[in-house]
Amino acid sequence: MKIVVATEKPFAAVAVNGIKEVLDAAGIEMALLEKYTAKADLLKAVEDADGLIVRSDIVDAEVLDDAKKLKIVVRAGAGYDNIDLNAATAKGVCVMNTPGQNSNAVAELVFGMTILMIRNHFNGTSGTELKGKKLGIHAYGQVGRNVARIAKGFGMELYAFDPYCPNEVMEKDGVKPVASVEDLYRTCQFVSLHIPATAETKQSINHALMSLMPKGAVLINTARKEVIHEEDLARVLEERSDFRYVADVAPANAAALSEKFGDRVFFTPKKMGAQTAEANINAGIAAARQSVGFLKEGIDKFRVNK
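Residue positions within a chain follow its written sequence, with the count starting from 1. For a predicted model such as this one, the threshold for reporting local features is a pLDDT of at least 70, and the threshold for listing and counting side-chain atom pairs is 80 or more; totals across whole chains, interfaces and linings nevertheless cover every residue. To obtain the side-chain values, all non-hydrogen atoms of the structure were included, while hydrogens and water were left out.

Chemist: Requested: an account of the sheet that holds strand S10 (residues 218-221), with residues and values cited.
Modeler: The parallel open sheet is built from seven strands, whose spatial order is S8-S7-S6-S9-S10-S11-S12. One side of each edge strand has no neighbouring strand; the edge strands of this open sheet are strand S8 (176-177) and strand S12 (265-267). Whether two strands pair comes down to DSSP finding at least two bridges between them. Starting at the N terminus, helices and strands are each numbered in turn, a helix being any DSSP run of H or I of at least four residues and a strand any DSSP run of E of at least two. Note that strand S6 (residues 134-138) and strand S9 (residues 190-193) share four bridges and pair parallel. Each bridged residue has a counterpart across the sheet, and for Leu-135 the counterpart in S9 is Phe-190. Running over the sheet, helix H5 (residues 103-118) touches S6, S9, S10, strand S11 (244-247) and S12 and is turned about 145 degrees from S11. Only heavy atoms matter for contacts: two residues are in contact if any of them lie within 4.5 Å across the pair. Fitted lines through C-alpha atoms give the axes, limited to the stretch in contact for helices. The angle between two N-to-C directions lies from 0 to 180 degrees.

Following this line, the structure appears as structure tokens:
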């Protein structure tokens, strides 16, 4: 059996070594495709693959068609919108993610970017503090829970909205659940986004929601750019000189926003949430172990398609 590790944005070397150790121990060959620049390279690599491990690489119907032997794709990370789930299901390919492995790294980035904004990019002018401020966590999954844990150290007042998470879970963590997404935005000066990009959520962070945020609002997005209504974001920034937006996922109109609104917006040059050595290792090795478990024993605990 053969598993291809295809990463245009490579894993750290120590993570690659860890993946290889897991696969070697299982008697599975590892083929490494890093920093590739053409889709043709990926198509060729998967021709005889039984498994495929990726990061943000696109696994669409064409890739799945060319991978005649493919049985499993594991996305080393939480999000999996880069994989065509319907096409995978049609081909009988199991798709998994590795939930929780990157969560702390993303949560720490939330606060790194937030502090950059409230301290005015460290430009020498007076900023503000997080202590005593209200933080809204939009979706209380693995990343959201780590955000809550870290926010407690800053002395923040915590709120969350997640219709799929029981209130008792949030309350046990010292987080106040709110009844609606509108209540979250109306209540909190800081809102951190952790929702996936789905038909329901795409462009759901719109003018109506953003406009509800209190004075001095900071919206932090380490989720997906598609959840933001970009035209509405520009409109809110135009209407409210106190509104700031910081993201690990630059919008399509990032250049125009930066030129017009300056330090009130900030975007990382590429998605940096999982870009730590620890997250690389955790997600990569988890992906390898899950691949082995499925190929050898049919274990599909983290399956995300039907």
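Chemist: Residue-level account of the pattern of salt bridges, with values.
Modeler: Any carboxyl oxygen of Asp or Glu that lies within 4 Å of a side-chain nitrogen of Lys or Arg is treated as forming a salt bridge with it. Scanning all chains against the criterion turns up 14 salt bridges. For the salt bridge of Asp-248 with Lys-271, the shortest nitrogen-to-oxygen distance reads 3.5 Å. Taken together, the positions of Asp-248 in the loop between S11 and helix H11 (254-261) and Lys-271 in the loop between S12 and helix H12 (277-297) put the pair 23 residues apart, joining distant regions of the chain. The structure contains a network of salt bridges with shared partners spanning Lys-39, Asp-60 and Glu-62.

Chemist: Account for unusual backbone geometry, naming residues and giving values.
Modeler: Leaving glycine out, the prevailing phi sign among residues is negative, and the prevailing peptide bond configuration is trans. Residues other than glycine seldom take positive phi values, yet Asn-120 does so here, at roughly 55 degrees. In this fold, Asn-120 is placed in the loop between H5 and S6. Residues other than glycine seldom take positive phi values, yet Ala-139 does so here, at roughly 100 degrees. One can find Ala-139 in the loop between S6 and helix H6 (142-154).

Chemist: Lay out the packing of aromatic side chains in plain terms, naming residues and giving numbers.
Modeler: Here is the rule: rings of Phe, Tyr and Trp (six-membered ring for Trp) pair when centre to centre is within 6.5 Å. Planes less than 30 degrees apart are stacked, more than 60 are edge-to-face, and the remainder are tilted. Throughout the structure, instances matching the rule amount to two aromatic pairs. Centroid distance Phe-111 to Phe-154: 5.3 Å. Interplanar angle 20 degrees. Geometry classified as stacked. Of this pair, Phe-111 sits in helix H5 while Phe-154 sits in helix H6, and the two are 43 residues apart along the sequence. To sort residues, take the accessible area from a 1.4 Å probe on protein chains only and compare it with the maximum for the residue type: under 20% means buried, over 50% means exposed, and anything in between is partly exposed. You can call Phe-111 buried: its relative accessible area is 5%. With relative accessibility at 31%, the residue Phe-154 sits in the partly exposed group.

Chemist: Requested: an account of the nonpolar core, with residues and values cited.
Modeler: We define a nonpolar core as any set of buried Ala, Val, Leu, Ile, Met, Phe, Trp, Tyr and Cys residues linked to one another through side-chain atoms lying within 4.5 Å. Formed by 33 residues in total, the largest nonpolar core has its most connected members in Tyr-185, Leu-193, Ile-205, Leu-219, Phe-243 and Tyr-245. Within the residue set of this core, elements represented by two or more residues are strand S7 (157-161), helix H8 (181-187), S9, helix H9 (207-212), helix H10 (230-239), S11, H11 and S12. For Tyr-185, the contacting residues outside a window of four places in its chain are His-138, Val-191, Leu-193, Ile-205, Leu-209, Leu-212, Met-213, Pro-214 and Leu-219. Residues Val-110, Leu-135, Tyr-140 and Ala-160 belong to the second largest nonpolar core, which totals 27 residues.

Chemist: So what about the pairing of S11? Which residues, and what values?
Modeler: Alternating residues of S11 divide into Arg-244 and Val-246 and Tyr-245 and Ala-247, and every residue in both groups is buried. Here four bridges tie S10 to S11, and the two strands are oriented parallel to one another. Bridged to Ile-220 within S11 is Val-246. Relative to S12, S11 runs parallel, the two sharing three bridges.

Chemist: Account for the pairing of strand S2 (residues 29-34), naming residues and giving values.
Modeler: Of the pairings in the sheet, the one linking strand S1 (residues 2-7) to S2 comprises six bridges and is parallel in character. In the sheet register, Val-4 faces S2, and the bridge partner there is Ala-31. Crossover handedness is defined here as right-handed if the route from the first strand over the helix to the second strand goes clockwise, with the strands pointing away from the viewer. Handedness of the crossover joining S1 and S2 through helix H1 (residues 13-25) is recorded here as right-handed.

Chemist: Could you give an account of the side chain of Asp-162, naming the residues involved and the relevant values?
Modeler: Secondary-structure assignment places Asp-162 in the loop between S7 and helix H7 (167-172). Counting rule for charge: Lys and Arg are taken as positive, Asp and Glu as negative, and neither His nor the chain ends is counted. Within the buried core, Asp-162 has no salt-bridge partner, and the shortest N-O distance to an opposite charge, that of Arg-145, equals 6.2 Å. If we skip the residues at most four places from it in the chain, Asp-162 touches Ala-139, Tyr-140, Gly-141 and Met-170.

Chemist: Can you explain the environment of Glu-21? Please cite residues and give values.
Modeler: Examined against the element boundaries, Glu-21 turns out to sit in helix H1. Residue classification places Glu-21 among the exposed positions, given a relative accessible area of 59%. Separated by 264 residues in the primary sequence, Glu-21 and Ile-285 have C-alpha atoms spaced 9.1 Å apart.

Chemist: Pulling in residues and values, what's your account of the side chain of Ser-103?
Modeler: In this fold, Ser-103 is placed in helix H5. Residue Ser-103 is classed as buried on the basis of its relative accessible area, which comes to 3%. A polar contact is formed between the side chain of Ser-103 and the backbone oxygen of Gly-100, at a distance of 3.3 Å. Those residues in contact with Ser-103 that sit more than four places away from it in its chain are Gln-142, Val-143 and Asn-146. In protein, a polar contact requires one atom able to donate a hydrogen and another able to accept it; more generally it is a pair of N or O atoms within 3.5 Å, and residues adjacent in sequence count only if both atoms are side-chain atoms.

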